[in-house]
Amino acid sequence: MIVVSLSYRVPLDVVEFHIPAHLEWLDECYSRGLFVASGRKSPRTGGILLSTAGLDEVRAAVERDPFNVNGVAEFDIEEFVPNRVAEGYEALLPPEAD
């Protein structure tokens, strides 16, 4: 699983200006099955993206995010391997090795 934490580098009025393009990018990523969840941080200092795609695919997508292209946010991309999940979230577990 990939966790992308983004932190705003500009005032919120600049963030707001870029949100429509960012949401369009998110829609395209969701339609490709790239992300499983996303949302803003509270307090509103950035956002979080969760993905079960490969690290290289997520990095390539983040390169195209308008928040990245326009210097709106800084991105921290980390991979982790979940080994326990709550009931109903089993799809987040990695496939078992043969």
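Preceding block: the structure.
Heads up: these notes are all about the structure in this document.

About the criteria used
Residues numbered from 1 in each chain as written. Predicted model: local features only at pLDDT ≥ 70, side-chain atom pairs only at ≥ 80, totals over all residues. Heavy atoms only, no water. Phe/Tyr/Trp six-rings, centres within 6.5 Å; stacked < 30°, edge-to-face > 60°. Helix = DSSP H or I, 4+ residues; strand = E, 2+ residues; numbered from the N terminus. Buried < 20%, exposed > 50% of the residue type's maximum accessible area, 1.4 Å probe, protein only. Contact = heavy atoms within 4.5 Å. Axes fitted to C-alpha atoms, helices over the stretch in contact; angles between N-to-C directions. Parallel < 35°, antiparallel > 145°, perpendicular 65-115°, else oblique. Left-handed = near helix turned anticlockwise from the far one by under 90°. Nonpolar A, V, L, I, M, F, W, Y, C, P; charged D, E, K, R; others polar.

To continue, consider the packing of aromatic side chains. Counting across every chain of the model gives three aromatic pairs. Taking the centre distance of 6.0 Å and the plane angle of 85° together, the rings of Tyr8 and Phe67 count as edge-to-face. Placement of Tyr8 in strand S1 (residues 2-8) and of Phe67 in helix H3 (residues 66-69) is noted, with a sequence separation of 59 residues between them. Judged by relative accessible area, Tyr8 falls into the buried class, the value being 19%. Residue classification places Phe67 among the buried positions, given a relative accessible area of 2%. Here Tyr30 and Phe35 contribute two aromatic rings whose centre-to-centre distance is 6.2 Å and whose plane-to-plane angle is 65°, an arrangement assigned as edge-to-face. Ring-pair connections join several aromatic residues into one group, and the members of that group are Trp25, Tyr30 and Phe35.

Moving on to the environment of Val4. Turning to its location among the elements, Val4 is positioned in strand S1. Overall, Val4 belongs to the buried group, its relative accessible area being 0%. Spatially, the C-alpha atom of Val4 lies 6.7 Å from that of Phe75, the residues being 71 residues apart in sequence. Beyond its immediate sequence surroundings of up to four residues, Val4 is in contact with Gly47, Ile48, Leu49, Val58, Val62, Phe75, Asp76 and Ile77.

On to the environment of Pro66. Examined against the element boundaries, Pro66 turns out to sit in helix H3. Residue classification places Pro66 among the buried positions, given a relative accessible area of 13%. Each C-alpha atom, one on Pro66 and one on Glu24, is 9.3 Å from the other, the two residues being 42 residues apart in sequence. Beyond its immediate stretch of four places on either side in the chain, Pro66 contacts Ala21, His22 and Trp25.

Excluding glycine, residues mostly carry a negative phi; peptide bonds, for their part, are mostly trans. Cis geometry is found at the peptide bond from Ser42 to Pro43, where omega equals 10°. Summarising the element assignment, Pro43 is placed in the loop between strand S2 (37-40) and strand S3 (46-51).

Quick look at the packing of helix H1 (residues 12-31) against helix H2 (residues 55-64) now. The interhelical angle for the contact between H1 and H2, taken along N-to-C directions, is 155°, at an axis separation of 10 Å. Taken as axis vectors, H1 and H2 run roughly antiparallel relative to one another. Like other packed secondary-structure pairs, H1 and H2 cross with a definite hand, here right-handed. Across the interface between the two elements, Trp25, Glu28 and Cys29 from H1 touch Ala61, Val62 and Arg64 from H2. For the contact of H1 with H2, a count of residues per class yields four nonpolar, no polar and two charged.

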